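Per-entry structural report
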Amino acid sequence: MSDAKTPFELMMSQAQEMAKAFNPALTTFDPKGFEKLWPTMTKDTMEMWFGKGISKEGLDAKTRLLLTLAGLTMQGAQAETPFRMTVRHALEAGATDEEIAETIAQMSMFAGIPAMTRAMELAREVMADRKDDPT
């Protein structure tokens, strides 16, 4: 067996060394921890930023966030933190678990089953966290 690394593994190793040199605390950085620093916006705030504040006759925040989930699913749900945050915001804007799942499932026809499966896994994590949270 060889200790040779793939180009991706080499790049990740170098990035970890650079982060460690820049700030030793970054060696244990967890993106999920970063998510906890960014609170879920209230429905009123989302309506102001993403909903009818843009156009009185336009899409509401819930619809805009479901469309965002569709787009993130189409990308293969690669951006995990923004995906999870969008699920949280969609739930706060009034989307149901079923609406989120249906939005993601609809994208399977365009993005493929692997992208849909990954997106469903991430959405389920958020939904499970919400149900485990006593607040």
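Since we're looking at a predicted model, the values are computed, not measured. (Residues numbered from 1 in each chain as written. Predicted model: local features only at pLDDT ≥ 70, side-chain atom pairs only at ≥ 80, totals over all residues. Heavy atoms only, no water.)

**Considerations on the environment of Thr 81**
Here Thr 81 is to be found in helix H5 (residues 80–92). For Thr 81 and Leu 122, which are 41 residues apart along the polypeptide, the C-alpha to C-alpha distance reads 9.3 Å. (Helix = DSSP H or I, 4+ residues; strand = E, 2+ residues; numbered from the N terminus.)

**Quick look at helix H8 (residues 113–132)**
With 20 residues, H8 should cover 28 Å at 1.5 Å per step; its first-to-last C-alpha distance of 28 Å lies within 8% of that length. Along H8, the residues that are buried comprise Ala 115, Met 116, Ala 119, Met 120, Leu 122, Ala 123, Val 126 and Met 127. Down the axis of H8, the sector holding all buried residues measures 170°, keeping them to one side. Of the residues in H8, the exposed ones pointing more than 90 degrees away from the buried face are Ile 113, Pro 114, Arg 124, Asp 129, Lys 131 and Asp 132. For H8, the secondary structure elements touched by its buried residues are helix H4 (61–74), H5, helix H6 (97–106) and helix H7 (108–111). (Expected span 1.5 Å × (residues − 1). Buried < 20%, exposed > 50% of the residue type's maximum accessible area, 1.4 Å probe, protein only. Arc of directions from axis to C-beta. Contact = heavy atoms within 4.5 Å.)

**Quick notes on the side chain of Thr 103**
With respect to the helices and strands, the residue Thr 103 is situated in helix H6. Residues in contact with Thr 103, not counting those within four places in the same chain, are Leu 66, Leu 69 and Ala 70.

So yeah, pure geometry; function would need other evidence.
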